[in-house]
Amino acid sequence: ALDAKAQGYKVYAVMDASGDPSELASITSLARFAQGGVIPTSTNAVLSETHRTWNRPEAAELAKLYALVAPNYQAVAESYQ
């Protein structure tokens, strides 16, 4: 991420998908990324921003992905149905 940023790219780091071995490693990575201009984000934010609206043909398939990372979302969707 830091190398890509140094090369001029706009970089986002999906922090909850990084597989850090410890909380300290995660906090340290977050601090280094933020200091280096990398934008920290989460899986939930990426899915929400990708999805943007329910008014699209692939919305049901995206909802399945979203439910995998947000079980509470699946419960809301099931109650709505």
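Within every chain, residues take consecutive numbers counted from 1 along the sequence as written. In keeping with the model being predicted, local features are shown solely for residues with a pLDDT of at least 70 and side-chain atom pairs are shown and tallied solely at 80 or more, while totals for entire chains, interfaces and linings include all residues. Only hydrogens and water are removed before side-chain values are computed, so all heavy atoms of the structure are retained for them.

A. The confidence of the model for the chain, seen in detail. Across the chain, each position has a pLDDT score giving the predictor's confidence in that residue, from 0 to 100. With 98% of its residues at a pLDDT of 70 or more, the chain has an overall mean of 86. In this text, helices come from DSSP runs of H or I with a minimum length of four residues, and strands from runs of E with a minimum of two, each type numbered from the N-terminal end. Averaged over each element, pLDDT in the chain is lowest for helix α5 (residues 71-80) (76) and highest for helix α1 (residues 2-6) (96).

B. Quick peek at the pattern of salt bridges. Here a salt bridge means any side-chain nitrogen of Lys or Arg lying within 4 Å of a carboxyl oxygen belonging to Asp or Glu. Using the criterion set out here, one finds two salt bridges in the structure. When the shortest N-O distance is used, the salt bridge between Lys64 and Glu61 registers 3.1 Å. Within this pair, Lys64 and its partner Glu61 are both found in helix α4 (residues 59-69), separated by three residues, close to a single helical turn.

C. How the structure looks around a nonpolar patch on the surface. A contiguous nonpolar surface patch, about 300 Å² in accessible area, is contributed by Leu65, Leu68 and Val69. Among the secondary structure elements, Val69 is positioned in helix α4. Throughout this description, buried means an accessible area under 20% of the type-specific maximum (1.4 Å probe, protein chains only), exposed means over 50%, and partly exposed covers the range between. Using a relative accessible area of 43% as the deciding quantity, one classes Val69 as partly exposed. Only residues whose relative accessible area exceeds 30% and that form no salt bridge are eligible for patches; like-charged ones are grouped when within 9 Å, while nonpolar side chains (Val, Leu, Ile, Met, Phe, Trp, Tyr) are grouped when within 5 Å. All accessible areas in this document rest on Shrake-Rupley with a 1.4 Å probe, and a residue is counted as covered only by the protein chains that are shown.

D. View of the nonpolar core. By size, the foremost hydrophobic cluster in this structure holds six residues: Leu47, Ala63, Tyr66, Ala67, Ala70 and Tyr73. Here the element with the most residues in this core is α4; it accounts for three residues. Residues within four places of Tyr66 in sequence aside, it is in contact with Asn44, Leu47, Ser48 and Tyr73. Val11, Ala13, Met15 and Val38 belong to the second-largest nonpolar core, a separate cluster that totals five residues. Put simply, buried Ala, Val, Leu, Ile, Met, Phe, Trp, Tyr and Cys residues joined by side-chain atoms within 4.5 Å make one nonpolar core. Residue contacts are defined here by distance: any two heavy atoms, one from each residue, within 4.5 Å place the two residues in contact.

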